[in-house]
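Reading the structure
Listed below, chain by chain, are the residues.
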Amino acid sequence: MTYRGISALGRLLFALELACLRPLVPPGPGPRLEVGVGSGRFAAALGLEVSLDPARAPLRLAAGRAVAVVQGAGEQLPFGDGTFAGVVFVVTLCFADDPAALLGEARRILALSGRLLAGVVPLDSAWGRRYEAQGRAGHPFYQSARFLTLAEHRRMLTGAGLTITGAYSTLTQAPSGEPVEEEAHDGAVPGAGFVALQARP
Ligand SMILES: C[S@@+](CC[C@H](N)C(=O)[O-])C[C@H]1O[C@@H](n2cnc3c(N)ncnc32)[C@H](O)[C@@H]1O
């Protein structure tokens, strides 16, 4: 079983989520970092310069996608204060033991003019509830995830000293039907299965 990997559904979800993230990608100049880069598919498609992940195997894939990689944990980023123009998380906060610590570190390394972008699967969506149920049933990836509601994500961002500046949403369709193409919606749509939240220090 894969993490939404190579299936037609996985490809469609990737395309929809990418379209949702694109309008809010932190602009350069200056390096932008994806924390929890995995295989690097989002970092490469979004043109991010640097990436980090604790896991060695996916980092090799990310490096193959011409994304500079660093092995490390989001709780202790090996970068100086205010050194990044952007920090991006894509479905990573729910896999971290202490997501608030990751946001605190992201805030620390962001320049004052920088932007944070977090792509999340809210628990208060049919998609979030489905992944959570799959995790409870022993799904090899989702069993280690802890999904949060949209309001909890907002509170965590502001708790880290960040101000939310924008949102886009996708997957307003139910996960049970045949998945279809969908435009990204400007704003945080209640019940959407994927929401991109942009914030600044
Ligand atoms: C679901 S994957 C997402 C990967 C990639 N962002 C994507 O969407 O294709 C979650 C990633 O978060 C990473 N991760 C888990 N805990 C982390 C932590 N404490 N700091 C940084 N990354 C972490 C995992 O190793 C994994 O690669």
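This text follows the structure it describes.
Residues numbered from 1 in each chain as written. Predicted model: local features only at pLDDT ≥ 70, side-chain atom pairs only at ≥ 80, totals over all residues.

1. A short note on the overall build of the chain
Keep this limit in mind: We count a stretch as a helix when DSSP gives it H or I for four or more residues in a row; a strand needs E for two or more, and each element gets its number in order from the N terminus. Based on C-alpha atoms, the radius of gyration is set beside the globule rule, defined as 2.2 Å times the residue count to the power 0.38. Exposure classes come from backbone-placed C-beta atoms, where a residue is buried if 20 or more other C-beta atoms lie within 10 Å of its own, exposed if 12 or fewer do, and partly exposed in between.
The secondary structure content of the chain amounts to six helices and eight strands. Scaling as 2.2 N^0.38, a compact globule of 201 residues should have a C-alpha radius of gyration of about 17 Å, and the chain matches this with 16 Å. For the chain, the spread of C-alpha atoms along the three principal axes comes to 45 × 35 × 30 Å. The buried share of the chain, reckoned over its 201 residues, is 41%.

2. Re the site of the ligand
The following threshold applies: Think of it this way: take the backbone, place a C-beta atom on it, and check whether that atom is within 6 Å of the molecule or strand, in which case the residue is near it. Only Asp, Glu, Lys and Arg are considered charged, only Ala, Val, Leu, Ile, Met, Phe, Trp, Tyr, Cys and Pro nonpolar, and every remaining residue, Gly among them, polar.
Near the ligand, the surroundings consist of 21 residues, among which Gly36, Gly38, Gly74, Val90 and Thr92 are the closest. For the shell around the ligand, a count of residues per class yields 13 nonpolar, five polar and three charged.

3. Description of the pairing of strand E2 (residues 50–53)
We count it as follows: Strand pairing is assigned whenever DSSP detects at least two bridges linking the two strands. Throughout, right-handed denotes a crossover for which the path from the first strand over the helix to the second runs clockwise when the strands point away from the viewer.
Relative to E2, strand E1 (residues 32–35) runs parallel, the two being bridged by three bridges. In the sheet register, Glu34 faces E2, and the bridge partner there is Ser51. Of the crossover connections in this fold, the one passing from E2 over helix H3 (residues 56–64) to the parallel strand E3 (residues 68–71) is right-handed.

4. Structural notes on the sheet that holds strand E6 (residues 163–170)
What counts here: Throughout, a pair of residues is in contact if the C-beta atoms placed from their backbones lie within 7 Å. Note on geometry: axes are lines fitted to C-alpha atoms, helical ones only across the stretch in contact, with angles between N-to-C directions running from 0 to 180 degrees.
A sheet is described by the order of its strands in space; here eight strands give the open sequence E3-E2-E1-E4-E5-E8-E6-E7, paired in mixed fashion. With one partner strand each, in any of the chains shown, E3 and strand E7 (185–186) form the two edges of the open sheet. Pairing geometry for E6 and strand E8 (residues 194–200), over seven bridges, is antiparallel. Pairing of Ala167 across the sheet is with Leu197, part of E8. In this fold helix H1 (residues 8–21) packs onto strand E4 (84–90), strand E5 (110–120), E6 and E8, with an angle of close to 150° to the strand it touches most, E6.

5. Observations concerning the packing of helix H4 (residues 99–109) against helix H6 (residues 150–159)
Rules: Every angle not falling under 35 degrees, over 145, or within 65 to 115 is termed oblique; those three ranges are roughly parallel, roughly antiparallel and roughly perpendicular. It is the rotation of the near helix from the far one that decides the hand of a crossing: anticlockwise by less than a right angle makes it left-handed, clockwise makes it right-handed.
Their axes nearest at 9 Å, the elements H4 and H6 cross at an angle of 40°. The angle between the axes of H4 and H6 places the two elements in the oblique class. Once H4 is placed against H6, the crossing between them reads as right-handed. Between H4 and H6, the contacting residues are Pro99, Ala100 and Leu103 on the first element and Met156, Leu157 and Gly159 on the second.

6. Description of unusual backbone geometry
For the bond from Gly28 to Pro29, the omega torsion is 0°, close enough to zero to count as cis. Summarising the element assignment, Pro29 is placed in the loop between H1 and E1. Of note, the phi angle at Val91 is positive, near 50°, even though the residue is not glycine. Structurally, Val91 can be placed in the loop between E4 and H4. A count of 20 C-beta atoms within 10 Å places Val91 in the buried class.

7. Quick look at the environment of Gly47
Take Gly47: it is sitting in the loop between helix H2 (41–46) and E2. Overall, the presence of 10 C-beta atoms within 10 Å leaves Gly47 in the exposed class. Residues Gly47 and Leu12, spaced 35 residues apart in sequence, show a C-alpha to C-alpha distance of 20 Å.

8. Remarks on the pairing of E3
Every other side chain in a regular strand lies on the same face of the sheet, so the side chains alternate between the two faces. Pairing geometry for E2 and E3, over four bridges, is parallel. The residue bridging Val50 from the neighbouring strand is Ala68, located in E3.

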